[in-house]
Amino acid sequence: MNATVDIGLGGLLAVYLLLFIPLWFNWRLKLGLNKELLWTVLRMSVQLLLVGYYLEYLFRWNRPGLNLLWLLVMLLVANVTTLKRSKLPVRQLLLGETVASLGGFGAILLYFMLMILQVKPWYDAAYLIPVGGMILGNTMRSNVIALERFYNGLHERQREFTALLLLGATPQEAARPFFAEALRATLLPQLATMGTLGIVSLPGMMTGQMLGGVSPLLAIKYQLAIMIAILVAMQLSAYCSLWLSSRSAFDCRGNLKFH
């Protein structure tokens, strides 16, 4: 198979021309999303362009300190985004969320590099950054779902939570059913996705590798490895995130501080 086909300037322009389709629908149906759509695409394009140039040098230099620093930047941005989307106080929970992410994302990424890929050096940017990005992106999504489901459940079913407190449960004991429901909600979409891979859809990593000339069987082995790593990282990170945030979520009387 030939090397990956380059997308030239004409191809990129053709990609952006596709946007006229959703723009027309939004205008025709008066959805009021055109401004947001254009701004989002512009921001995405600039971000990816800048990151692309940065990664060119990062891959060339391939220094462990720089590679880990970039992962830390990715981690902090992901954690701030998670807390904002969950409508939780960033200042109060950012440290705990960072520790939780390191416990899930960091541990699984390190295991993946050392035990599964076994690349040398283990911090090789060509593997560390793409794999880290895939795992981190999914753990961010799972943390958002977990935190939203947990705190919205406590807020909407406050009587149930209060009743458990009155029966003598501690805040953490009373929150346990909400904790379990939130964790379940993070896993169901991923399990549904994994259950249809190869039949309903070909995942991005596998498709990208095949377009780059990798044999389908090797691409499948990579995809199997990354999907299992993502599943484990999602549950571990969501658990740590819920556990750490719940430590500071209640006052001395068991009242919920957030929301």
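Residues numbered from 1 in each chain as written. Predicted model: local features only at pLDDT ≥ 70, side-chain atom pairs only at ≥ 80, totals over all residues. Heavy atoms only, no water.

This model, assessed by the stated rule, comprises nine aromatic pairs. Seen from their ring centres, tryptophan 122 and tyrosine 123 are 5.8 Å apart, and the 85° between their planes marks the pair as edge-to-face. Look at tryptophan 122 and you get partly exposed, because its relative accessible area is 32%. Grouped by ring-pair contacts, the aromatic residues Phe150, Tyr151, Phe179 and Tyr239 constitute a single cluster. (Phe/Tyr/Trp six-rings, centres within 6.5 Å; stacked < 30°, edge-to-face > 60°. Buried < 20%, exposed > 50% of the residue type's maximum accessible area, 1.4 Å probe, protein only.)

Take a nonpolar patch on the surface next. A cluster of nonpolar residues, Leu18, Ile21, Trp24, Phe25, Trp27, Leu29, Leu31 and Leu33, forms a patch on the protein surface that exposes about 880 Å² of accessible area. Turning to its location among the elements, tryptophan 27 is positioned in helix H2 (residues 20–29). (Patch = residues over 30% accessible without salt bridge, like charges linked within 9 Å, V, L, I, M, F, W, Y side chains within 5 Å. Areas by Shrake-Rupley, 256 points an atom, 1.4 Å probe, with all protein chains shown as cover. Salt bridge = Lys/Arg side-chain N within 4 Å of Asp/Glu carboxyl O. Helix = DSSP H or I, 4+ residues; strand = E, 2+ residues; numbered from the N terminus.)

As a rule of thumb, soluble globular proteins bury nonpolar side chains together. In terms of nonpolar packing, the biggest core is built from 30 residues, with Leu109, Ile135 and Ile226 touching the most fellow members. Of all the secondary structure elements, the ones that give two or more residues to this core are helix H3 (34–61), helix H4 (64–85), helix H5 (90–117), helix H6 (125–156) and helix H11 (216–247). Filtering out sequence-adjacent residues up to four positions away, isoleucine 226 remains in contact with Phe112, Val131, Met134, Ile135 and Met205. Counting 19 residues, the second largest nonpolar core, distinct from the first, contains Phe150, Ala174, Phe179 and Leu242. (Core = buried A, V, L, I, M, F, W, Y, C linked by side-chain atoms within 4.5 Å. Contact = heavy atoms within 4.5 Å.)

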